[in-house]
Amino acid sequence: MTADAIVLGAGIIGVSTALQLARRGKSVVLVDRKEPGMETSYGNAGLIQREGVVPYGFPQQFGLILRYALNNRIDAHFHWKAIPSVTSFLAKYWWHSNLTRHQLIARAYAPLIEHSIATHNELIEEAGAQDLIAKNGWTEVFRTRAKHDGEIGEAERLRKEYGVAFKELSPADIAAQEPNLSTDFVGGLRWEDPWSVKDPLALTRAYVKLFESLGGRVLKGDAKSLSQTKTGWRIVAGDGTVEAKDVVVALGPWSDTVTKPLGYNFLVGVKRGYHMHYSAKGNAKLNGWTMDAERGYFLAPMNQGIRLTTGAEFARRDAPKTPVQLERAEAVARSIFPLAERLDQEPWMGARPCTPDMMPVIGKAPRHDGLWFAFGHAHHGLTLGPVTGQVIAEAITGQKTLIDISAYRPERFNA
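Cut-off values and rules
- Residues numbered from 1 in each chain as written.
- Predicted model: local features only at pLDDT ≥ 70, side-chain atom pairs only at ≥ 80, totals over all residues.
- Heavy atoms only, no water.
- Pairing = 2+ DSSP bridges.
- Helix = DSSP H or I, 4+ residues; strand = E, 2+ residues; numbered from the N terminus.
- Buried < 20%, exposed > 50% of the residue type's maximum accessible area, 1.4 Å probe, protein only.
- Phe/Tyr/Trp six-rings, centres within 6.5 Å; stacked < 30°, edge-to-face > 60°.
- Lys NZ or Arg CZ within 6 Å of the ring centre and 35° of its normal.
- Contact = heavy atoms within 4.5 Å.
- UniProt positions renumbered as here; feature names shortened; annotations may be inferred.

By the naming in an unreviewed UniProt entry, the chain goes by Putative D-amino-acid dehydrogenase (DadA-like) and is assigned to Neorhizobium galegae bv. orientalis str. HAMBI 540.

Here it is in structure tokens:
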């Protein structure tokens with residue numbers, strides 16, 4: 001089988017890239033070892049975060065770092081055995097999170113975020129997936145005045161610098177918006193620009209269906225079988241092999257299975273995360289996506305139930321599950337909302353691929369023709385799928401890219 005391009009990885013980044021190439025008339029084969037959308041893209045909080053112009057940094061306050069070292073929080077947890085293997089990543093992550101450097105990174109990162117809603121909207125409309133989307137933003141609620149004032153001040157800065165929209169909420173506003181939420185909160189803010197996705201897996205598969213309607217093919221295969229030919233690339237997939245001039249590596253936290261054998265050594269860590277779905281007691285209803293800001297967990301009213309998501313777990317990518325954050329979060333969440341029984345047999349776990357400078361790797365490989373990279377999107381994979389796919393597709397087809405992607409170039413790692 002031959003094609004113009006092979007895309008490795010059928011998460012939201014790979015699916016969006018394959019779709020954007022197909023929309024530009026290219027014949028594309030999408031390859032994954034599993035069904036589309038079944039890994040990291042499945043388990044997120046379901047937000048297209050237009051407000052997320054500042055990527056999540058490493059804490060800089062010494063006192064807060066010491067509190068994290070106690071390893072008893074919801075928003076972060078780590079495996080002691082993993083620390084030696086992730087020290088280099090964490091050290092560079094901390095360095096890039098310095099206030100001055102972090103603000104420079106945000107200015108380079110923001111153009112991707114700024115196009116997140118528009119690029120998703122194009123695909124949502126073409127895929128007929130409007131019923132999966134809510135357009136009423138998401139809410140942070142605060143337990144202390146100090147946290148409230150700090151976050152409102154930062155929101156004001158983001159409004160001035162990046163044009164994001166938000167509304168400050170009083171306790172009465174929160175009660176009107178979420179009458180079944182407890183009264184533990186002194187106030188909140190609602191980010192008004194973001195869209196919510198009621199079923200991230202269904203959205204990914206709606207994009208896959210659109211891709212196939214444009215002639216795209218989805219095959220099961222092992223990315224490790226990728227090899228270079230005289231004219232391009234070959235992979236074992238389906239019942240044979242596929243050859244193409246271009247190949248895009250969009251394997252998220254597994255991208256190193258392809259990049260390392262080709263001689264590229266990217267410093268990419270993983271932040272593992274967990275979720276569980278719940279029903280609500282009686283007639284209780286959660287109306288919108290809500291974050292308990294000081295505790296660091298999310299409640300999201302999805303089609304599968306109320307999804308409780310945790311923060312980041314620093315561990316080896318393939319280590320066994322340790323859902324202690326979920327247990328901690330569930331206990332707190334039950335105190336602010338009447339959650340009923342668990343709806344899943346066991347907690348879901350995924351691994352977010354993260355670079356130390358908090359920006360994804362997007363662009364052409366520096367030492368191989370026809371090899372392209374699109375991974376490392378950390379907490380914003382769902383948000384940035386369509387825009388990443390668009391700029392990669394534009395670069396491959398020789399078009400002017402929607403935005404300047406030089407800040408995300410692979411060469412910045414000296415890989």
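S.K.: Account for the sheet that holds strand β3 (residues 47–48), with residues named and values stated.
M.R.: Spatially, β3-β9-β5 is the arrangement adopted by the 3 strands of the open sheet, whose pairing is antiparallel. The open sheet has two edge strands with one neighbour each: β3 and β5 (133–134).

S.K.: Any chance you could break down the pairing of strand β14 (residues 269–280) for me, citing the residues and the numbers?
M.R.: Buried residues dominate β14, accounting for 11 of its 12 residues. Examined bridge by bridge, β14 and strand β20 (residues 348–354) share 7 bridges and lie antiparallel to one another. Looking at the pairing, G269 lines up with C354 of β20. Inspection of the sheet shows β14 paired to strand β17 (residues 305–309) by 4 bridges, in the antiparallel sense. In the sheet register, M276 faces β17, and the bridge partner there is L308. Judged from the 2 bridges that link them, β14 and strand β19 (residues 339–342) form a sheet pairing that is antiparallel. Its bridge partner lying in β19, A280 is registered against L339.

S.K.: Tell me about the packing of aromatic side chains, residues and numbers included.
M.R.: Counted according to the given criterion, the structure contains 12 aromatic pairs. On the basis of an interplanar angle of 45° and a centroid distance of 5.1 Å, the ring pair of W138 and F298 is categorised as tilted. In this pair, W138 is assigned in strand β6 (residues 138–142) and F298 in strand β16 (residues 297–302), connecting sequence segments 160 residues apart. Counting every residue linked through ring pairs, the aromatic cluster contains Y264, F266, F373, F375 and F413. Over the face of the ring belonging to Y68 we find R73, whose NZ or CZ atom lies 4.4 Å from the ring centre. Over the face of the ring belonging to Y264 we find R367, whose NZ or CZ atom lies 4.3 Å from the ring centre.

S.K.: Hey, could you go over the environment of G269 for me, with residue numbers and the actual values?
M.R.: Note on placement: G269 falls in strand β14. Owing to a relative accessible area of 9%, G269 belongs among the buried residues under this scheme. In the structure, G269 is positioned 111 residues away from L158 in sequence and 27 Å away in space, judged by C-alpha atoms. The residues contacting G269, other than those within four sequence positions of it, are F89, R352, P353 and C354.

S.K.: I'd like a description of the UniProt feature "domain: FAD dependent oxidoreductase" (unreviewed entry) in the chain, backed by residues and values.
M.R.: Per the UniProt record, the feature "domain: FAD dependent oxidoreductase" (unreviewed entry) sits at residues 4–394. Structurally, residues 4–394 is divided into 34% helix and 27% strand, and its ends, taken at the C-alpha atoms, are 14 Å apart.

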